Structures are given as structure tokens and as C-alpha cells.
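Listed here are the chains, written in short residue letters.
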Amino acid sequence: MSVFLRLVVIAEPDRYRFARFVLEAVDALHGDVFSCAAALVDIMPVLRTDHLHKGTSLEVLLMVVEDTLYCEWSGRRMPIARFELATSEHILAELGQRLRLASESTDPDLLIRRNRKIEDELASARARAAIELSALEEKLESKKAELRESLHAAEVDSLTNIYNRGAYDARLQEAILRCSRQSEPLCLILMDLDYFKQINDQHGHQYGDEYLKRMAQIMQESVREYVDIPCRMGGDEFVIIVFAGVATAKRIAEKILVDMSGKVSIGIAFLLPNDSLEMLVGRSDAALYEAKRNGRGRIAVSDEIVVDTSIHVV
Ligand SMILES: Nc1nc2c(ncn2[C@@H]2O[C@H](COP(=O)(O)OP(=O)(O)OP(=O)(O)O)[C@@H](O)[C@H]2O)c(=O)[nH]1
């Protein structure tokens, strides 16, 4: 027995399509098409009654048993045609394939079912993709946060939480380029705590740490937030990049000096035309040296190189 076509018969025009397939099969297998047509005249009303009786689709099989073509559904098997010559499995397989393709391309219900299947597959693929996408987005966000954290850690001094030496170098380079190009004022305030070693020695390293943190906090409170840039150079040395002229830089320095009870020496230098980073830093160093040399606890401005004793806090 060889079932070579399995067709789901739903209603009209499926039954007529089925009849056409049967005739086509008989013709392809060199059977008697006329006697097959006569057999179909008997079969079709039975098929219709069974279909109506069942109320749903019928699965109808076309099969060859020895030299006879049968159609079978709902446990009923009816002969349709006889062949003179034996049919090979190969021919039946080819015929089955051809009829299947023809039935699939014309069966609207099958197409609808297929569309539904494709839609279902698409919907689940979309759902899977959405889950994967949100997992990826989550991963990306956590990677971004990690990156932000490591960038922050690379730029910030862990004790005082202000910019470290590396960040200071980069920010100062940028600031000099920008202010030179746009002829904007820029000052450096360089600061070194006075006798900090003694503070450490007298009160312990932990107290010294708190003292450094307090200095950083005072610096932050003395500048314009998101404008000027306070940094810790290392040890007890601090610096502020001030995007303003000497008057503002002096006001900032005075506040820090007072808030630190006069226990810090401060050198101020401002950016001159054609200044290099080294020249500006060199002048602020020289000013700080002057402040230390003249008794500490005071402010020196590089162009004045006179010690501003009026601000000295005892
Ligand atoms: N507690 C603490 N001390 C530090 C830290 N980094 C550097 N120091 C100490 O800071 C002190 C700096 O001493 P010096 O450079 O001699 O400066 P000074 O005692 O302030 O002297 P002058 O600047 O000349 O007034 C040293 O004793 C360092 O050990 C830190 O992170 N925490």
C-alpha cells in the first residue's frame, strides 16, 4: 500500500479540488480517466454526507494498493481506478509531491493556517528578541556604570574625593588651550598646608587624613561649583584652576586661608598671553615659595611678588 496524497478536505471547493487531483493522478498513472470520473460521481455525494455529518474537516487519503487506486476517509475505503501497469513507488512519490504542492498553493484554509503559524513563530521570536534585548540593555547599563565608576576612580583622589594629580594635569592643559584661544582669564591657586608634618606627628595619621579632607571640603565650598576645579596634587599640596581673573582668585584664596585658620600658604598666578603650562605652573610655584618664605599662612600673587600680609591670619 502506498499513500501518496493526504489531503484535508474542509468544504467546497476542497471536495472539487480533491476530485480534480484524483483525475490528475489517474491520468498521470495512465489509468482510465473516464471510468475514474464515473467512480467519482458515486464517491462525491458520500464524501459530502460524511463531511456534513462530521461537521469538521475530513482527512482524505489517496493510496495505491497493488493495481488499484483507492480513496479513504473516516475508516471508509473506496476504489477509484485500476491500472494495467504496476506503478512504481518513485512515480507515486513524485505525483504525491506535485499534488501536495498544488493543494497547498490553492487551499485558502491551509494558507491561513500557515500564516497563523508564521505569525505565532514571529510573535514568539519577537518576544524572545525583546527579552534578549532587555537583557543586553541591562548588561550595557551595568557596563556603562562600571566604566563611569572606573573613570571616576581614575580621576578622583580616594581620600578627599576631589580631582587627583592626573585629572589636574589634563584639566589644566585643556583650560590653558581654551582660555588662550578665547582670551579668557585663568588663574592657578597653589596651596600647601603649613607644618602639616607636625599635625600628623602630634595627632596621628588619621587626624591628618581628616585635616586633609577638611581642606578639600573648604576648597569646594570656596569655589564656583561646576566652574572652578579644586584638585589634590598629593600629600598636603592642593591646587585650584580658577576660570576668572586675579581678583576672584584672591577672594577664593582669602576665604580658604581664613577657613583653614591661616595654616596654609598660597601662591596665585594668572595666565599671560603666550603662556605655556610650565610657565604658568612655574609662576604659581614661585608665588607659593614666596608665601612660605615670608612666614607661611599668607597669599602671594606672582605678578605682585609682594607678600599680602593684610590677609595674614594668626
Ligand atoms: N595623614 C596624612 N599625611 C600625609 C598624607 N600624604 C602625605 N602626608 C604627610 O604630609 C607631610 C608633609 O610634610 P612636609 O612636606 O614636610 O610639609 P609641612 O610639614 O607641611 O611643612 P611646610 O610645608 O614646610 O610647612 C608628611 O609628613 C607626609 O607624611 C596623607 O595622605 N595623609
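Residues numbered from 1 in each chain as written. Predicted model: local features only at pLDDT ≥ 70, side-chain atom pairs only at ≥ 80, totals over all residues. Heavy atoms only, no water.

1. Brief notes about the overall build of the protein chain
The helix and strand inventory of the protein chain stands at 9 helices and 10 strands. Expressed as a percentage of the 314 residues in the protein chain, the buried residues total 41%. At a minimum sequence separation of 6, the contacts of the protein chain that also span at least 24 residues come to 62%. If you sum the accessible surface of the protein chain, you get close to 18100 Å²; carbon and sulfur atoms cover 55% of it. (Helix = DSSP H or I, 4+ residues; strand = E, 2+ residues; numbered from the N terminus. Buried < 20%, exposed > 50% of the residue type's maximum accessible area, 1.4 Å probe, protein only. Contact = heavy atoms within 4.5 Å. Areas by Shrake-Rupley, 256 points an atom, 1.4 Å probe, with all protein chains shown as cover.)

2. With respect to helix α6 (residues 196-203)
Note: α-helices contain 3.6 residues per turn, so residues at a spacing of three or four share the same orientation. Buried residues of α6: Phe196, Ile199 and Asn200, and no others. Buried residues along α6 cover an arc of 100° about the axis, so they all sit on one side. Away from its buried face, by an angle of more than 90 degrees, α6 presents the exposed residues Lys197, Asp201 and Gln202. The inward-facing, buried residues of α6 abut β5 (187-193) and α7 (205-222). Two residues or fewer after α6 comes Gly204, characterised by a positive phi angle close to 95°. (Arc of directions from axis to C-beta.)

3. Examining the UniProt feature "coiled-coil region" (unreviewed entry) in the protein chain
Under the UniProt annotation, the feature "coiled-coil region" (unreviewed entry) is placed at residues 126-157. Counting secondary structure, residues 126-157 comes out at 94% helix and 0% strand; the distance between its end C-alpha atoms is 47 Å. (UniProt positions renumbered as here; feature names shortened; annotations may be inferred.)

4. Description of the site of the ligand
Near the ligand there are 16 residues, and of these Tyr195, Phe196, Lys197, Asn200 and Asp209 occur at the shortest range. Note that an oxygen atom of the ligand is positioned 2.8 Å from one of the backbone N or O atoms of Tyr195. Within the side chain of Asp209, one N or O atom sits 2.7 Å away from a nitrogen atom of the ligand. Of all the elements in the fold, those that place two or more residues in the shell around the ligand are β5, α6 and α7. Among the elements that take part in the shell around the ligand, α7 stands out by supplying 4 residues, more than any other. (Near = heavy atom within 4 Å. Polar contact = N/O pair within 3.5 Å; in protein donor to acceptor, adjacent residues only side chain to side chain.)

5. Quick word on the layout of surface pockets
Empty space within the largest pocket amounts to approximately 340 Å³. Taken together, 14 residues form the lining of the largest pocket, with Asn161, Ile162, Tyr163, Gln220 and Pro230 sitting closest to its centre. Listing elements by their share of the lining of the largest pocket, those giving two or more residues are α4 (108-155) and β6 (229-234). When its residues are assigned to classes, the lining of the largest pocket shows 7 nonpolar, 3 polar and 4 charged. (1 Å grid on protein atoms, 1.4 Å probe; cavity = no way out; pocket = protein on both sides within 12 Å on 5 of 7 lines; lining within 4 Å. Points joined across faces, edges and corners; volume = space filled by probe spheres on them. Nonpolar A, V, L, I, M, F, W, Y, C, P; charged D, E, K, R; others polar.)

6. Examining the pattern of salt bridges
Under the definition given, this model contains 18 salt bridges. The shortest N-O distance in the salt bridge between Asp50 and Arg76 comes to 3.0 Å. Taken together, the positions of Asp50 in helix α2 (residues 33-54) and Arg76 in strand β4 (residues 76-82) put the pair 26 residues apart, joining distant regions of the chain. Of the residues examined, Asp50 reaches a relative accessible area of 14% and is grouped as buried. With a shortest N-O distance of 3.1 Å, Lys197 and Asp201 are connected by a salt bridge. A residue pair is termed a helical-turn pair when its members lie 3 or 4 positions apart in one helix, as Lys197 and Asp201 do in helix α6 at 4 residues. In terms of burial, Lys197 and Asp201 fall into one category: exposed. (Salt bridge = Lys/Arg side-chain N within 4 Å of Asp/Glu carboxyl O.)

7. Focus on unusual backbone geometry
With a phi close to 55°, Ser261 is a non-glycine residue in the positive phi region. Position of Ser261 among the secondary structure elements: in the loop between α8 (246-259) and β8 (264-270). A residue is classified by how much of its surface remains accessible, and Ser261, at 42% relative accessible area, is partly exposed. The phi dihedral of Arg296 is positive, around 65°, even though this residue is not glycine. As for its position among the elements, Arg296 is in the loop between α9 (277-293) and β9 (299-301).

8. Notes on the packing of α6 against α7
Orientation of α6 relative to α7, taken along the N-to-C sense of each, is 135°, at an axis distance of 6 Å. As the angle between them shows, α6 and α7 are arranged oblique. When α6 is examined against α7, the residues Phe196, Ile199, Asn200 and His203 are found in contact with a partner set consisting of His205, Tyr207, Gly208, Tyr211 and Leu212. (Axes fitted to C-alpha atoms, helices over the stretch in contact; angles between N-to-C directions. Parallel < 35°, antiparallel > 145°, perpendicular 65-115°, else oblique.)

9. Comments concerning the packing of aromatic side chains
Overall, the coordinates contain 2 aromatic pairs when judged by the stated rule. Connected via pairs of aromatic rings, a cluster forms that spans Phe196, Tyr207 and Tyr211. (Phe/Tyr/Trp six-rings, centres within 6.5 Å; stacked < 30°, edge-to-face > 60°.)

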